[in-house]
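Inside the fold
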Amino acid sequence: MKIMTKKLILRDWNYQSNNRPALFLDRDGVLIKDCHYISKPEDVSLCDGACELVWHAFRNKIPVIIITNQSGISKGLFNWNDYDLVTEKMLNLLGKPSPITAIYANAYNVVKDLKSWRKPSPEM
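These figures come from a predicted structure and were not determined experimentally. (Residues numbered from 1 in each chain as written. Predicted model: local features only at pLDDT ≥ 70, side-chain atom pairs only at ≥ 80, totals over all residues. Heavy atoms only, no water.)

**Some details on the overall build of the protein**
- Counting secondary structure elements, the protein contains three helices and four strands.
- Residues counted as buried form 40% of the 124 residues belonging to the protein.
- Within the protein, contacts between residues separated by at least 24 positions form 74% of all contacts whose residues are at least 6 apart in sequence.
- When the accessible surface of the protein is totalled, it reaches about 7400 Å², and 52% of it is carbon and sulfur. (Helix = DSSP H or I, 4+ residues; strand = E, 2+ residues; numbered from the N terminus. Buried < 20%, exposed > 50% of the residue type's maximum accessible area, 1.4 Å probe, protein only. Contact = heavy atoms within 4.5 Å. Areas by Shrake-Rupley, 256 points an atom, 1.4 Å probe, with all protein chains shown as cover.)

**Quick word on the confidence of the model for the protein**
- Averaged over every residue, the pLDDT of the protein is 86; the share at 70 or more is 81%.
- The secondary structure element of the protein with the lowest average pLDDT is strand S1 (residues 5–9), at 79, and the one with the highest is helix H3 (residues 80–94), at 97. (pLDDT = per-residue confidence, 0-100.)

**Some points on the pattern of salt bridges**
- Taken as a whole and assessed by the stated rule, the structure comprises one salt bridge.
- Measuring nitrogen to oxygen at the nearest pair gives 2.8 Å for the salt bridge that ties Arg27 to Asp28. Judged on exposure class, the residue Arg27 and its partner Asp28 are both buried. (Salt bridge = Lys/Arg side-chain N within 4 Å of Asp/Glu carboxyl O.)

**Focus: the state of the cysteines**
- Here the structure, examined in full by the defined rule, presents zero disulfides.
- Note on Cys35: no disulfide assigned, nearest cysteine sulfur contributed by Cys47 at a separation of 9.1 Å.
- With a relative accessible area of 35%, Cys35 lands in the partly exposed category. (Disulfide = S-S within 2.5 Å.)

**As for the environment of Tyr83**
- The topology assignment puts Tyr83 in helix H3.
- Exposure remark for Tyr83: the relative accessible area of 4% places this residue in the buried category.
- Taking the C-alpha atoms as reference, Tyr83 lies 8.4 Å from Ile73; in sequence the two are ten residues apart.
- Contacts of Tyr83, omitting those with residues within four sequence positions, involve Lys6, Arg27, Thr68, Gln70, Ile73, Phe78, Ile103 and Ala105.

**Quick word on the nonpolar core**
- With 26 residues, the main nonpolar core has Leu31, Ile32, Val54, Tyr83, Met90, Ile100 and Ile103 as its most contacted residues.
- Looking at this core, the elements that each hand over two or more residues are helix H1 (50–59), strand S3 (64–69), H3 and strand S4 (102–106).
- At six residues, H3 tops the list of elements feeding residues into this core.
- When near neighbours in sequence (up to four residues on either side) are disregarded, Met90 contacts Arg27, Leu31, Ile32, Val44, Leu46, Ile66 and Ile103. (Core = buried A, V, L, I, M, F, W, Y, C linked by side-chain atoms within 4.5 Å.)

**As for unusual backbone geometry**
- With an omega dihedral of -10 degrees, the bond running from Lys96 to Pro97 counts as a cis peptide bond.
- Of note, Pro97 is situated in the loop between H3 and S4.
- Non-glycine residue Tyr37 carries a positive phi angle of around 65 degrees.
- Looking at where Tyr37 falls in the secondary structure, it is placed in the loop between strand S2 (23–26) and H1.
- Even without glycine at this site, Lys61 takes up a positive phi of about 60 degrees.
- The residue Lys61 is located in the loop between H1 and S3 in this model.

Okay, structure coming up:
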């Protein structure tokens, strides 16, 4: 069975209250420069202001959650291992401890209706 979704929880995000705000960000074109189906860690570079944004949220105890469509996986352009290497490089560029709370990714290629786990569906 082909894995189509993946999540990575990097920290406990119960910051004293479930009523706190959270910051949801796309990965490609928001945190890292969009290279269209990026699959190599050496191609990863942060967008201007991305590091400052996530660290500002982190310092203010606002969970930062990344959501990302990775249809290149279902298209056979790269695989989950390539995705993991790109993610690791992004996290290294953002610094330690990671200011990211969680990352949710999916490899679905087509959105047939709003009951899809692919953004911008609210189901994601």
